[in-house]
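Residues per chain, in single letters:
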Amino acid sequence: MPRITFVSFDGVARTFTAPEGSTAMEVAVRHLVPGIDAECGGACSCATCHVYVDEAWREAVGEPQGMEEDMLDFARDVRPSSRLSCQIVLDAKLDGLVLHTPEFQG
Ligand code: FES
């Protein structure tokens, strides 16, 4: 199962394993990771699951496309590494993924 680490804005790291096919948002919500609100439940319509992909993982995760790119306009403090975590699907190639959570959503 892929491992995923969430690093909070104040530097606290939390690592979990999750079945392939889970989204990063689902893992965060299941484990009550601070900084992920996910108000729409993964429908790509709220932007409150905004995360920053660690630099080492940006190429593997890829860039936001289509609806996700549009929704990121509603996120706060968007950066080149911004993604919506409900659109990041975990698989073997993302084993070890590191995501940084913002201090605030929305
Ligand atoms: Fe709403 Fe990701 S959970 S956009």
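Quick caveat: nothing in here was measured; it's all calculated off a predicted structure.

### Regarding the pairing of strand β1 (residues 3–7)
Counting buried positions along β1 yields four of five residues, so the element is predominantly enclosed. Bridge count for β1 against strand β2 (residues 13–17) is five bridges, and the pairing is antiparallel. Directly across from isoleucine 4, in β2, lies its bridge partner phenylalanine 16. The hairpin turn running from β1 into β2, its antiparallel successor, is five residues long, and glycine 11 in that turn takes a positive phi close to 90 degrees.

### Describing the sheet that holds strand β5 (residues 97–100)
Taken in spatial order, the five strands make up an open sheet running β2-β1-β5-β3-β4, and their pairing is mixed. Each having just a single partner strand, β2 and β4 (82–84) make up the two edges of the open sheet. Strand-to-strand, the axes of this sheet are offset by a mean angle of 35 degrees, without reference to chain direction. Relative to β5, β1 runs parallel, the two sharing four bridges. Bridging across to β5, threonine 5 finds its partner in valine 98.

### A few points about the packing of aromatic side chains
Under the definition given, this model contains one aromatic pair. The cationic tip of arginine 79 hangs over the ring face of tyrosine 52; the distance from NZ or CZ to the ring centre is 3.9 Å.

### Comments concerning the pattern of salt bridges
For side chains of opposite charge, pairing can occur when their charged atoms come near one another. According to the stated counting rule, one finds five salt bridges in the structure shown. The salt bridge partner of arginine 3 is aspartate 95, with a shortest N-O separation of 3.3 Å. Taken together, the positions of arginine 3 in strand β1 and aspartate 95 in the loop between β4 and β5 put the pair 92 residues apart, joining distant regions of the chain. Judged by its relative accessible area of 41%, arginine 3 is partly exposed. Note on aspartate 95: relative accessible area 31%, which makes it partly exposed. The salt bridge partner of glutamate 55 is arginine 58, with a shortest N-O separation of 3.6 Å. Using a relative accessible area of 57% as the deciding quantity, one classes glutamate 55 as exposed. Connected through shared salt-bridge partners, Glu55, Arg58 and Glu63 make up one network.

About the thresholds
Residues numbered from 1 in each chain as written. Predicted model: local features only at pLDDT ≥ 70, side-chain atom pairs only at ≥ 80, totals over all residues. Heavy atoms only, no water. Buried < 20%, exposed > 50% of the residue type's maximum accessible area, 1.4 Å probe, protein only. Helix = DSSP H or I, 4+ residues; strand = E, 2+ residues; numbered from the N terminus. Pairing = 2+ DSSP bridges. Axes fitted to C-alpha atoms, helices over the stretch in contact; angles between N-to-C directions. Phe/Tyr/Trp six-rings, centres within 6.5 Å; stacked < 30°, edge-to-face > 60°. Lys NZ or Arg CZ within 6 Å of the ring centre and 35° of its normal. Salt bridge = Lys/Arg side-chain N within 4 Å of Asp/Glu carboxyl O.

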